[in-house]
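# Topology and contacts: notes
Residue-level listing of the chains:
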Amino acid sequence: MVMKTKINKVWKVLENIPDPEIPNISIVEMGIVRGIKYDHDTLNVIITPTYSGCPAMDFIKTEIKENLIMKGINDFEITTSLSPPWTTEWLNEKTKNKLKSIGIAPPEKQMECPYCNSDEVKIISEFGSTACKAFYKCMHCIETFEYFKCI
Amino acid sequence: MNFLFNYVLMLADDALIIAQRLSEWAYRAPFLEEDIALSNISLDLFGRATLFFNYAASIKGSDSDADDLAFKRHEREYVNLLLCEQPNGHFGDTIIRQFLFDSFYYLFFSKLLKSSDEQLAAIASKSIKEVTYHLRHSSKWVIRLGDGTSESNKKIQESINHFWMYSDEFFIMNEVDEKMQEMKVGVNREALKSVWLKNVKKVFKKANVKIPNETNMISGGKQGLHTEHLGHLLSEMQYLQRAFPDAKW
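Residues numbered from 1 in each chain as written. Chains lettered and ligands numbered in written order. Predicted model: local features only at pLDDT ≥ 70, side-chain atom pairs only at ≥ 80, totals over all residues.

## Quick look at the overall build of chain A
- Secondary structure summary: chain A contains three helices and seven strands in total.
- Counting helices and strands in the order they occur from the N terminus, chain A gives α-β-β-α-β-α-β-β-β-β.
- Taking the principal axes of the C-alpha coordinates as reference, chain A spans close to 55 × 25 × 25 Å.
- Burial analysis of chain A (151 residues in total) assigns 30% to the buried set. (Helix = DSSP H or I, 4+ residues; strand = E, 2+ residues; numbered from the N terminus. Buried ≥ 20, exposed ≤ 12 C-beta atoms within 10 Å, placed from the backbone.)

## A few points about the overall build of chain B
- A tally of regular secondary structure across chain B gives eleven helices and zero strands.
- Reading chain B from its N end, one meets helices and strands in the order α-α-α-α-α-α-α-α-α-α-α.
- The globule rule puts the C-alpha radius of gyration for 249 residues at 18 Å, and the 18 Å found for chain B is close to it.
- The dimensions of chain B, computed from C-alpha atoms along their principal axes, are 55 × 40 × 30 Å.
- Sorting the 249 residues of chain B into buried and exposed places 45% on the buried side.
- Relative to all contacts within chain B whose residues are 6 or more apart in sequence, the contacts with residues 24 or more apart total 73%. (Rg over C-alpha atoms; globule rule 2.2 N^0.38 Å. Contact = placed C-beta atoms within 7 Å.)

## Examining the domain arrangement of chain A
Residues and elements named next belong to chain A.
- One can read the domain layout of chain A as domain 1 (2-86) and domain 2 (89-148).
- The straight-line distance from the C-alpha centre of domain 1 to that of domain 2 is 27 Å.
- In the side of domain 1 that touches domain 2, the residues fall into three nonpolar, four polar and two charged. (Domains from an automatic or database assignment. Nonpolar A, V, L, I, M, F, W, Y, C, P; charged D, E, K, R; others polar.)

## With respect to the nonpolar core
- By size, the foremost hydrophobic cluster in this structure holds 102 residues, and its most contacted members are Val8(B), Ala12(B), Ala15(B), Ala49(B), Phe52(B) and Ala56(B).
- Residues from two domains meet in this core; each of domain 1 (2-86) and domain 2 (89-148) of chain A gives at least three.
- Sequence-distant contacts of Val8(B), defined by excluding residues within four places in its chain, comprise Phe52(B), Tyr55(B), Ala56(B) and Ile59(B). (Core = buried A, V, L, I, M, F, W, Y, C linked by C-beta atoms within 7 Å.)

## Topic: the sheet that holds strand β2 (residues 42-47) of chain A
Residue and element names in this part refer to chain A.
- Read from one edge of the open sheet, three strands run β1-β2-β3, paired in mixed fashion. Edge strands, defined here as strands with exactly one partner in the open sheet, are β1 (33-39) and β3 (76-80). Mean inter-strand twist for the sheet, computed between neighbouring axes without regard to direction, equals 25°.
- As defined by bridge partners, β2 adjoins β3 across five bridges and the pair is classed as parallel. (Pairing = 2+ DSSP bridges. Axes fitted to C-alpha atoms, helices over the stretch in contact; angles between N-to-C directions.)

## A word on the confidence of the model for chain B
- Per-residue pLDDT for chain B has a mean of 96; in total, 100% of the residues score no lower than 70.
- As a predicted assembly, this complex carries a pTM of 0.94 together with an ipTM value of 0.88. (pLDDT = per-residue confidence, 0-100.)

## Quick look at the sheet that holds strand β7 (residues 144-148) of chain A
Residue and element names in this part refer to chain A.
- Taking strand neighbours across the sheet as the criterion, the four strands line up as β4-β7-β6-β5 in an open arrangement whose pairing is mixed. Only two strands of the sheet have a single partner each, and these edge strands are β4 (104-105) and β5 (121-125).
- Relative to β7, strand β6 (residues 133-138) runs antiparallel, the two sharing five bridges. Residue pairing in the sheet places Lys133 in a bridge with Phe148 of β7.

## Details of the packing of helix α1 (residues 3-23) of chain B against helix α2 (residues 32-60) of chain B
All names here are of chain B.
- Contact pair α1 / α2: the axes reach a minimum separation of 8 Å and the direction vectors enclose 155°. On the basis of the axis angle, α1 is roughly antiparallel to α2. Judged by the twist between their axes, the crossing of α1 over α2 is left-handed.
- The class makeup of the residues in the contact of α1 with α2 is 21 nonpolar, three polar and two charged. (Parallel < 35°, antiparallel > 145°, perpendicular 65-115°, else oblique. Left-handed = near helix turned anticlockwise from the far one by under 90°.)

## Structural notes on α2(B)
- The end-to-end C-alpha distance of α2(B) is 41 Å, a good match for the 42 Å that 29 residues give at a rise of 1.5 Å each.
- Gly61(B) occupies a position one or two residues after α2(B) and carries a positive phi of about 70°. (Expected span 1.5 Å × (residues − 1).)

In structure tokens:
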């Protein structure tokens, strides 16, 4: 029971750590935190990189450490897991709406402009400001926007 | 010899060296979107290299870490394919080098997914997603340049003629490859050749370019016998770790 309470407490802490590149979404919503469990006596936080070259992984680890220690949780380990590989299917509807609210088209096969909802969009580049995004233009409202790629 | 360690190192070195080459394009690519694209691909490949180097370091044990392997070996100790270390040349050269590399690694990872080694299979499952869009990008450019103007067609055909001699090395099985395949850890490279050739030809056909006749194939990277270019690349890449060993920031 004590373990379960502690695990819930850790989840609460992690749910409040923003993704460094898209700060209105937490690292839990982003699907980076894969699990929190006890291996014998050690509390293990399991994380996975979004892209293999994600430069934010070390930063995220430090954030997790600092935030847990600040809440008085000191005995834990952080493990990186690669399988199953991160997928945008782990982002739920609420998270997708949050992306849209800051002008990023969420990862959907049927893409729409996040500003005017038109589906008349044109790709400018499959690569954007971060590994997870592509660059698009809306032909209806003429705004450019970023699209969170499905992978 | 630790076969698994050497196997992982080959895969790590391929990713590291071509990532370093691609990073040389940052701020110098023909236009902004392509600058971002090449930098993104380079970053993915540095990420792939890190995954392999971390694994290699864990196999080696003792106090070795990924940075030691990446930055503190001498030229003859690198076991990357010769193609990876070739200079960027013009944009079309870089695209052909990347296209040949991506089309090989796409097939390679689709087999490595089934490796009996859990960590290699996991890295493959991560990498296959990324190499898929790298290949899409390089293929599109081969077609756009080949099927562009007579000048761009001529240039990219010259790039193909130049890089083709390095393409046979993808499929050479050395002792490490054979041992790893025997243990169902590694991939049979030779068996990938016919599909690779078919896929490459399909793109070349759309691009109105050809595979050159009678090329003298060269190899040696996996034995540490490199072209003159690797030493120059390393002198830049390793500079900081050589000047200030174990520097952290």
